[in-house]
Each structure stands twice: as structure tokens, then as C-alpha cells.
Amino acid sequence: QVQLVESGGGLVQPGGSLRLSCAASGSIASINLMGWYRQYPGKERESVAVTSSGGTPNYSDSVKGRFTLSRDYAKNSVYLQMNSLKPEDTAVYYCNAWIRTMGGPYSAYWGQGTQVTVSS
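Residues numbered from 1 in each chain as written. Predicted model: local features only at pLDDT ≥ 70, side-chain atom pairs only at ≥ 80, totals over all residues. Heavy atoms only, no water.

A. Up close: the nonpolar core. By size, the foremost hydrophobic cluster in this structure holds 27 residues, and its most contacted members are Trp 36, Val 48, Phe 67, Leu 80, Met 82 and Tyr 93. Secondary-structure elements contributing two or more residues to this core are β3 (18–25), β4 (30–39), β5 (46–51), β7 (67–72), β8 (77–82), β9 (91–100) and β11 (114–118). Setting aside anything within four residues of it in sequence, one finds Leu 80 in contact with Leu 18, Arg 19, Leu 20, Trp 36, Val 48, Ala 49, Phe 67, Thr 68, Leu 69 and Tyr 93. (Core = buried A, V, L, I, M, F, W, Y, C linked by side-chain atoms within 4.5 Å. Buried < 20%, exposed > 50% of the residue type's maximum accessible area, 1.4 Å probe, protein only. Helix = DSSP H or I, 4+ residues; strand = E, 2+ residues; numbered from the N terminus. Contact = heavy atoms within 4.5 Å.)

Have a look at this one:
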């Protein structure tokens, strides 16, 4: 059973920072893409920052220069450092990973979601 567990969300004032963490565990043979998505109420889930194994992160225009994605391959983890946060960053953030178990195909897995609220 593969799981992605997220942490790091919370309430922060505009201009503040948060660091989201996501760790994959279970019967993992390999991980390709890992990244972060966010979802506003009534909207489709949208990409924030994603990267494939050995690749450079791709960021949405709205977060470029403010957010930084990093991976720890040894720990099967991905992080999102969020600086200069704005109220419009308020959303539920989801970790995503494409993971293959032994003998199986790659499949998409999602974290449980963590709320980020930017407000005075």
C-alpha cells in the first residue's frame, strides 16, 4: 500500500513563509514525477510546481520567484518552500507522485491535502 503523507500547512500572514513536506511510503519500486497542486473552492485542481526525476522544476507563473520545489530522492520526499505568500495563495495543497510498485505500472498517487491560509 503506497501512501503520500503531507504536512506543513497552516495560517500565515501576507508576506510570510511556509514549507510543505510530502513523504511517500509503502511498496515503492520507483518514483518518477513528484509535485504540488492546489485547489480553490469551485475550481479545478491546478499545477503549482512539478518535476520529473532528474529534471528541473516547472512552476506556474503565479508562483515563480516565490516558491521553490525540492526533492530528497533517498527519502522519497518532495518539499515546497513558499515565501512572500499572498492571500490568493490560500487553497488546499496536494502532493502528487507517479509511482510504480514492483511488477506494476506507474500510477498517480495523491496526498491527503493540507490547508494553506494567508490572511491578516
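B. Region of interest: the packing of aromatic side chains. Tallied over the full model, the rule gives one aromatic pair. The interplanar angle of 70 degrees and the centroid separation of 5.1 Å between the aromatic rings of Tyr 37 and Trp 110 together place this pair among those described as edge-to-face. One end of the pair, Tyr 37, is in strand β4; the other, Trp 110, is in strand β10 (residues 106–110), with 73 residues separating them in the sequence. The class of Tyr 37 is buried, set by a relative accessible area of 18%. On the accessibility criterion, Trp 110 (38% relative accessible area) is partly exposed. The ring of Tyr 94 has Arg 45 lying over it, and the distance from NZ or CZ to the ring centre is 3.6 Å. Lying over the aromatic face of Trp 110, Arg 45 brings its terminal NZ or CZ to 4.6 Å of the ring centre. (Phe/Tyr/Trp six-rings, centres within 6.5 Å; stacked < 30°, edge-to-face > 60°. Lys NZ or Arg CZ within 6 Å of the ring centre and 35° of its normal.)

C. Seen up close, the pattern of salt bridges. Summed over the entire model, instances satisfying the criterion amount to four salt bridges. As a salt-bridge pair, Asp 89 and Arg 38 come within 3.0 Å of each other at their nearest N and O atoms. One end of the pair, Asp 89, is in the loop between β8 and β9; the other, Arg 38, is in strand β4, with 51 residues separating them in the sequence. With respect to burial, Asp 89 and Arg 38 carry one shared label: buried. Through salt bridges with shared partners, a single ionic network connects Arg 38, Glu 46, Arg 66 and Asp 89. (Salt bridge = Lys/Arg side-chain N within 4 Å of Asp/Glu carboxyl O.)

D. Representation of the side chain of Thr 51 within the structure. Structurally, Thr 51 can be placed in strand β5. Given the relative accessible area of 5%, Thr 51 is considered buried. Within the local environment of Thr 51, its side chain forms a polar contact with the backbone oxygen of Gly 55, the two atoms lying 3.1 Å apart. Look past the residues within four positions of Thr 51 in its chain and what remains in contact with it is Asn 32, Leu 33, Met 34, Thr 56, Pro 57, Leu 69 and Arg 71. (Polar contact = N/O pair within 3.5 Å; in protein donor to acceptor, adjacent residues only side chain to side chain.)

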